[in-house]
Structure formats: C-alpha cells, structure tokens
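An overview of the molecular structure
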Number of protein chains: 2
Amino acid sequence: MDQDSSQRKLPPSQNRSVDADRLWQDLMALGTITDPGRPYTRRCFTHRFVEGRRWLANRFSEAGLAVRLDTGANMIGRMQGRDPSLPALLIGSHSDTVPSGGRFDGMLGVLAGLEVIRMLRDRGIVPRHPIEIVDFLGEEPSDYGLSCIGSRAMSGLLNDPMLDFKNASGETLAAAMARMGAEPSALAGARRSDIAAYLELHIEQGRVLESGGTNVGLVTGIVGIARIEIEFTGAADHAGTTPFHLRRDTLIAASEIVTAVRRIGESYAVRNEGYFIATTGCLDIEPNASNVVPARARLVVEGRAENGSWLSEFTDELDALSRSAAKAANVERSAFRLISLSEPAPCDARVHRHLVAAAAELELSTADMASGAGHDAAFMAQIAPAAMVFVPSRDGRSHCPEEWTAAEDCSNGAALLFEALLRIDADDAFLQCARPVTGARGVTS
Amino acid sequence: MDQDSSQRKLPPSQNRSVDADRLWQDLMALGTITDPGRPYTRRCFTHRFVEGRRWLANRFSEAGLAVRLDTGANMIGRMQGRDPSLPALLIGSHSDTVPSGGRFDGMLGVLAGLEVIRMLRDRGIVPRHPIEIVDFLGEEPSDYGLSCIGSRAMSGLLNDPMLDFKNASGETLAAAMARMGAEPSALAGARRSDIAAYLELHIEQGRVLESGGTNVGLVTGIVGIARIEIEFTGAADHAGTTPFHLRRDTLIAASEIVTAVRRIGESYAVRNEGYFIATTGCLDIEPNASNVVPARARLVVEGRAENGSWLSEFTDELDALSRSAAKAANVERSAFRLISLSEPAPCDARVHRHLVAAAAELELSTADMASGAGHDAAFMAQIAPAAMVFVPSRDGRSHCPEEWTAAEDCSNGAALLFEALLRIDADDAFLQCARPVTGARGVTS
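An account of the accompanying structure is given in this report. (Residues numbered from 1 in each chain as written. Chains lettered and ligands numbered in written order. Predicted model: local features only at pLDDT ≥ 70, side-chain atom pairs only at ≥ 80, totals over all residues. Heavy atoms only, no water.)

Concerning the interface of chain B and chain A
Taken together, the contacts link 52 residues of chain B with 52 residues of chain A. Carbon and sulfur atoms make up 55% of the area that chain B and chain A hide from each other, which totals about 4500 Å². Inspection of the region where chain B meets chain A yields two salt bridges. When the shortest N-O distance is used, the salt bridge between Arg207 of chain A and Asp237 of chain B registers 2.5 Å. There are 20 residue pairs in polar contact (both at pLDDT 80 or more) connecting chain B and chain A. Among the elements of the structure, helix 8 (208-212), helix 9 (250-269), strand 8 (276-286) and strand 9 (296-305) of chain B are those that each provide at least two residues to the side of chain B that touches chain A. Ranked by residue count, the leading element in the side of chain B that touches chain A is strand 8 of chain B, at 10 residues. Its residues assigned to classes, the side of chain B that touches chain A shows 22 nonpolar, 18 polar and 12 charged. (Contact = heavy atoms within 4.5 Å. Buried area = accessible area lost by both parts, 1.4 Å probe. Salt bridge = Lys/Arg side-chain N within 4 Å of Asp/Glu carboxyl O. Polar contact = N/O pair within 3.5 Å; in protein donor to acceptor, adjacent residues only side chain to side chain. Helix = DSSP H or I, 4+ residues; strand = E, 2+ residues; numbered from the N terminus. Nonpolar A, V, L, I, M, F, W, Y, C, P; charged D, E, K, R; others polar.)

Here it is in structure tokens:
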C-alpha cells in the first residue's frame, strides 16, 4: 500500500484533465521544425536542432521555468519547490531525431514534462521538491558514433575517449558539443547527485500495447544489449562447376546462425524470467553473384535482455553454435566479436509502485513491461531512482515519418506523469537522494 | 569399337608430342595483352580486345591459316582440306575475359586449336575436312547483358531484340558488334550449316579433375540453368521492442530457402541420373541494420542440370517451399520469378566416343562429366555434333588472376584435340553434316 495514496485527495477527473489540445499542438508545432523536404529530421548538432531548442526554451519560459544549459549542453527548465533543501524530481527525454524520423520519439517525453509543469501552474500546486524538465543532448545515435550523450554526461559516464570520437568530417564530439553550448572541459559540472527521482514518458516503439489494447506500459527495466559480429570465410567457387562436397559455402553457415538465433531467442523468451529478444539484423555476403558460391558472410546478431547473465549465456551459446556451423559447412569462422555490450538497467521499484497506483486512480489499463530499446533513463538509473512509462505506437512504427501516437494516448501519458509526480513528491522516502541503482554500465539505442 | 581406331597408325609418342613450350609461350604472350594494372582484363568490345585479336590473327597467319571475320565478328582461321566438298571440323573457344580474369578460360581453347594446326603442318598432315579455328565474339557476360554472342550468331540464335540490348552508355549491342567488325544487318551470313563436328577444349573451372587426379574430363553434356528470384516482404520493426510473435522477419524465411536449396540439391545429386547442382548466390536484406528486423529479403537461386525436367521439378519445389516459408515467418512472398532459363545441351555421342578412344591411346586418365558452366559449345551443339574436353584448374579457381592450369595439362588437352580430330576426320560418319542436336535453346555462362 503506497503511503501517499490516501494523502492525495484530488478527484480523478481533475487529475485526468490534461490540456490534451495544448500538448498536441506543441507536438505538431515542434514537428514543423524539420529539415525541409525530409520530415521529420532535427539531427543533434545541426542548426535545425538549435532552432528546435530555441522554440522549446520559449515554451519552458512561458511556463515559468528557469531555463539553463548544463556543461553537457542538456537543456533544463527548473521550477522551484516549496523546500529549497530538497533534491529535484526530473522529467526528461530528448528533442533530437534520427534522419527521417517521427514527431513523438523523445519529443513526447519533453513536452509531456512541460505539460505537467503547466498543470501544476494551472492548479496552483507548488510541489515540495524542485521539478526539472530536461531535454537531453543527442539521445539518438549520432554521427560521432555515440548515443545518449547528454544523459551519459549527467550520470558521469561520458569519458575523454568518447569526447575524442570524430564524425566523417573529422570534428570531435567535444567540438560539436561546444557548438551546442557545452563546456567539454568542465563536464564534471553536469554530473548530478541531487536527484530524488527521474521519470520518462516515451512512445513504446513496438506493438505490445496496441495489440493488447493497453493504455500504458510501466517499464520494469531497460534491457542490456549484446551485439555480436560473426564472419565466415570460404571460397568463391563457380556455382556451376563445384560439387556440394567440395564447396565452402559461407551462406549455408550464416543461414544456420539466423535460424538458431530465432530458436534460441524463443527458448529464452518462454522461460518467463524477464524480457529477452534476439535478432539477426545484418547479413552481407560476397561476392553476392548468382553464379558464384558465397565466399564471405558477415552477420551482426543482437541479444537484448533484462537479465544480464542471459546476455553472457546467449553469447556463449552463439560462440559454440557458430563454430559448429562453420565446421559443418566446411568454412572458417574468421571472426566472432562482441562489438558492444551494455548491461540492463532495472527501474526503481518504489517509483514503479507510484506509477501503478497513479494509473489505477486514473483508470488506465497497464502492462508491466521491459524496454527493449535503450533510453536516457538507462543512464539516469545510474544516479537516481528512475522509471519509464510507455504509450502505444501505432503499428509499432518508430524512427520513420509514419511514427504515430494518438492524442489521447499522449495525454494519458502526461496525466500519469502528473499524478505519479505528486505521489512521489508527497512520499517522504524521496526527501533525500536515494542510493543510485547499480549494475547498468552503458546503453545503446 | 571405333571404326577408325585401327586406321590411324601413328605411335602414341608422336601424338603426344605437342610442342608444349610453344603452346605455353602463346598463352603467356596473350596474357600480357591486358588492361594495365588490372590483370587479366581483355573485355570484349574494347581496344584491348582488338589488340589481342590482332596478335592472334598474326599467329593464325603464321600457321598458314586464312583469317576472316564472319558477319557476327567471330574470327576464323581456316585450313583447307584434301576434299573441298566436305563440311568443316571446327575447334573453337574465345579470347575475351571477365574483368580481372585469368589467362586460360577461353584462350586455351583457341590456342590449343592453333597448336593442332601447327602439329598438322609439322607432320605434313592434310586432313580430308577443312579445319577451322574459331575465336567466338564475347563469350563472357558482356556489358550489354548477353554472353556467347558469337556462338549465338553462328547458331542462328542471336535475334533482333538482343541486338537492341544497350550498355550503361546507351550503345546498342549491334553498334558495339559493328565496332568489332560485324555486320549486324547481315547476321544470317554468320549462320553455319557446313560443320561436320565441333570440339572445344576448356579449363574445368572446378575441382573435380584436380581432386580426382584425373588428366582430362570428357564432357557428356552442358547443363541447363534456371535462375529464380525470390523476394519476401515483412516489416522493419524495432529489434528491441517487437516480440517474436509480432515479427514479420524476412530473413527467417530467406534462411529457410538457403538451407532448403542445399538440401534439395543434395537429394537430386545423389539420384545418379545426371549432374545437378543448386546454389543461393545472392541475398540482400533491407534495411540491413543491427537493430531493425529485416523488412525485405531478396534471393537469387540457381539450379543447373543435365536433365531439363529436373529444372522444372526444382522450380516447382522451390515455389511451394517459398510459399510455406513465407507463411511460417508471417511475411509475404512478394516475388517468385524465373529470371532466366536455358535448356541442357547434350554432347554428341560419336564425337565423345572418339575422344574416349583418343584419350586411351594417349594414356590419359579420363572422367565423363557434365559441364556445370555454359560455353560456346552449348550453342554449337544446336547446329553440329559437338563435344568438349576439360583440363584441371588449380584449386578450381577461375575468373580471377589466380586461374591456373599446368603446362602439361594444357598440352594434354591439345594432344587430345589433335588425336580426336584425326579420328573424326577419318570417320566416314562425318563426311556429311549430321542432324543438329535438338533440345538446347540457350545457355548462360
């Protein structure tokens, strides 16, 4: 039983009364700030991105927030609370997009945070805690080979080698961040130890909520991701003149892996011990000619799990399997590389409980679920109790212009943030900074 | 029992005494005529190709051959026989190469023919039949989307739509042929009905002879080829957020096909009713990103068979299989297209018997085998009794600079052509043009 559920006495109807139109107009307005002829593109480190932030900063200011950039170029709007000694409650996400992306991924989380502030103002509520709305810098994979740049900085996980990453033109990430207003030499200033809780609303980017007719997903943890590159080398023999027993056909071995990844993935998924998913997303063969036996095949396999030990287990299983597939196809397994590994980030159980109670009061149907995608929340979970809320994505589409979440779903998400924020604000367990959740070391989106 | 085997009384030692050095020097010399820095490249329709032919025409003339181009721009060197009323015995192959090809594929057949002429001259032998050595135009796949251009012309199978094929610059095949000395408006003049037999020596382009330690392969037939394009369409879902049961993963279906093609191929191959081989040589997926479920997969599958009905059976089996693979993976089979089909071309049994007897006399070990690759001989088999001889390819390599056939193997091939030619010349069954072999309608190399 949540200690605060009896303290808050606002009737459900009042909590639910997000100004859905206002939130929707904001989403659509921010969406118009896009590279022309290429909707919806507002890439981090571009003039377009700065234009979007300028618009956003004006909205923050209009809502009475004090707007600043931290030394990692995260844009933060702050509302003072009743007790200046208390750590802050943060609501955040990001305003950058992938190339030809959508209008919801990231933006909804920032604008719903803004809407929560407006709801507080409209109702004359001043929480005990200061409230901050954060637009994290560069959450999407950037041209510098890194994602979640701002949340890495805030959690102290943006290191010097990363700052030296370069884009195709040779510009360092540090220089690009400086263009956005960061102070790369003073990144320690962006690191926070004054956060009582972190909340993030995001579109699901999948079809689980839609297919289940569920209003909101309450995220129990953000998956860890293991990406493994496997390469097979054989011989580019003539497809007409080389009998089967003399072939060294790498596509045979690669197909074996594709099938096995699905089979292993399904066997893990039905264990019912947490979310697991695995995918072979990349496959290239050479010479890729109809009359030549494929001499080289390269795959990139991905496993994502709430349970970190499963990633090791999956990697080990794939290691053994790719050896035997190579042997069976009479080819060489010329590479087996773990190209990236991030550990799972569990969401905070207390914050999650407040979300459950708030959803019940709002009469929203919920599903506990893992986040299969990486998010800024995975980094924030390093330094504060953190949790996420998902709302349905139409057809599960994301990172494309067709990305869509209905206005009602957007306002459900904002209402849930509002209600949960009040509950957390009222919960004495959040009067001090909680011990950071450990275990998550990095996340890839 | 071949009727002529008792008539020919030259001792084996004399037949075997090909001037191996002379043949080898020719091969190496022709190999030096290549695009500089890109050995060995002498593409049809280029200046380099014309330069190679000029060198070749000089060698033909030196050997006493009358050199001409037919209206299909096949270069022909002719030696008159004792009886001007007899149809000709042809030895042919091609002097063009693939880009960055080798020094043997095609060239060996033409230069061994030249060596046979020199052996006849050296020994003062004038056969009854006229002998022609042919360098067919453009046997390798050309920039105009067609292979075996010259042998198609000679067999009457180069039609007007083919002449209209264009290269990337928009030049028609007809115009390109004219540049090589052809008269595209008078192609009927290239069509032959005066050929008593056709012989072609070629490198195996496979490892069967090498792995069996066999001197020569006696080709029983040239495979027909069915090329089938299969395309699956699914959905580019997020690899982290889309559970298995909601996925439409086209790579799962494609891998099923790759595995099945091998399985079906092996089951046909062990029937022992002729040569069969199948390959998946092309596979492309989209978007081919590690964190996105493959939404599109396109394969090109090839079946090659001595037995034409197997190609239909294979195509039907693949049709059913790709439907069920699509259904199982919850994707659409958006295309199933037979993109090319050529029927098998059986070699002539009488010519083959002379090759068997000649090899026995030369004490060469032989293996009857199908040609898994297409050759000019497949077109010549339309209009004359035709057969081919293969010699070993080191490591089975071909169409690459490493392509290699030992000098001794080259001279074995030339000796066998010489010996078989004399036997055919002495065989009264070849005094008139034989009925063309039917059934072969086209061949792709």
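The structure having been displayed, the exposition proceeds.
Thoughts on the environment of Val389 of chain B
One can find Val389 of chain B in strand 13 (residues 386-391). When the C-alpha atoms of Val389 of chain B and His352 of chain B are compared, they prove to be 9.2 Å apart, with 37 residues separating the residues in sequence.

Re the packing of aromatic side chains
All names here are of chain A. Here the structure, examined in full by the defined rule, presents 20 aromatic pairs over all chains. Plain terms: the ring middles of Phe45 and Tyr144 are 5.1 Å apart, the flat faces sit at 70° to each other, and that makes the pair edge-to-face. Residue Phe45 is located in the loop between helix 2 (20-31) and helix 3 (47-62), and its partner Tyr144 is located in the loop between strand 4 (131-136) and helix 5 (149-154); the two are separated by 99 residues in the primary sequence. This pair shows no difference in class: Phe45 is buried, exactly as Tyr144 is. An aromatic cluster is present here, built from Tyr268, Phe276, Trp310 and Phe314 joined pairwise through their rings. The lysine or arginine in question, Arg123, covers the ring of Phe418, its NZ or CZ lying 5.2 Å from the ring centre. Positioned above the aromatic ring of Trp310 is the side chain of Arg271, whose terminal nitrogen or guanidinium carbon lies 5.0 Å from the ring centre. (Phe/Tyr/Trp six-rings, centres within 6.5 Å; stacked < 30°, edge-to-face > 60°. Buried < 20%, exposed > 50% of the residue type's maximum accessible area, 1.4 Å probe, protein only. Lys NZ or Arg CZ within 6 Å of the ring centre and 35° of its normal.)

Comments concerning the layout of surface pockets
Reported here for the largest pocket is a volume of approximately 380 Å³. Forming the walls of the largest pocket are 21 residues, and the residues nearest its centre are Pro243 of chain A together with Gly274, Tyr275, Phe276 and Ala370 of chain B. (1 Å grid on protein atoms, 1.4 Å probe; cavity = no way out; pocket = protein on both sides within 12 Å on 5 of 7 lines; lining within 4 Å. Points joined across faces, edges and corners; volume = space filled by probe spheres on them.)

Some words on unusual backbone geometry
Going from Pro39 of chain A to Tyr40 of chain A, the amide bond is cis rather than trans, its omega being -10°. Along the chain, the position of Tyr40 of chain A falls in the loop between helix 2 and helix 3. If you check the backbone angles, Cys148 of chain B has positive phi at about 50° while not being a glycine. Locating Cys148 of chain B in the fold gives a position in the loop between strand 4 (131-136) and helix 5 (149-154). Judged by its relative accessible area of 0%, Cys148 of chain B is buried. Its identity as a non-glycine residue notwithstanding, Asn330 of chain B has a phi of 60°, on the positive side. Using a relative accessible area of 43% as the deciding quantity, one classes Asn330 of chain B as partly exposed.

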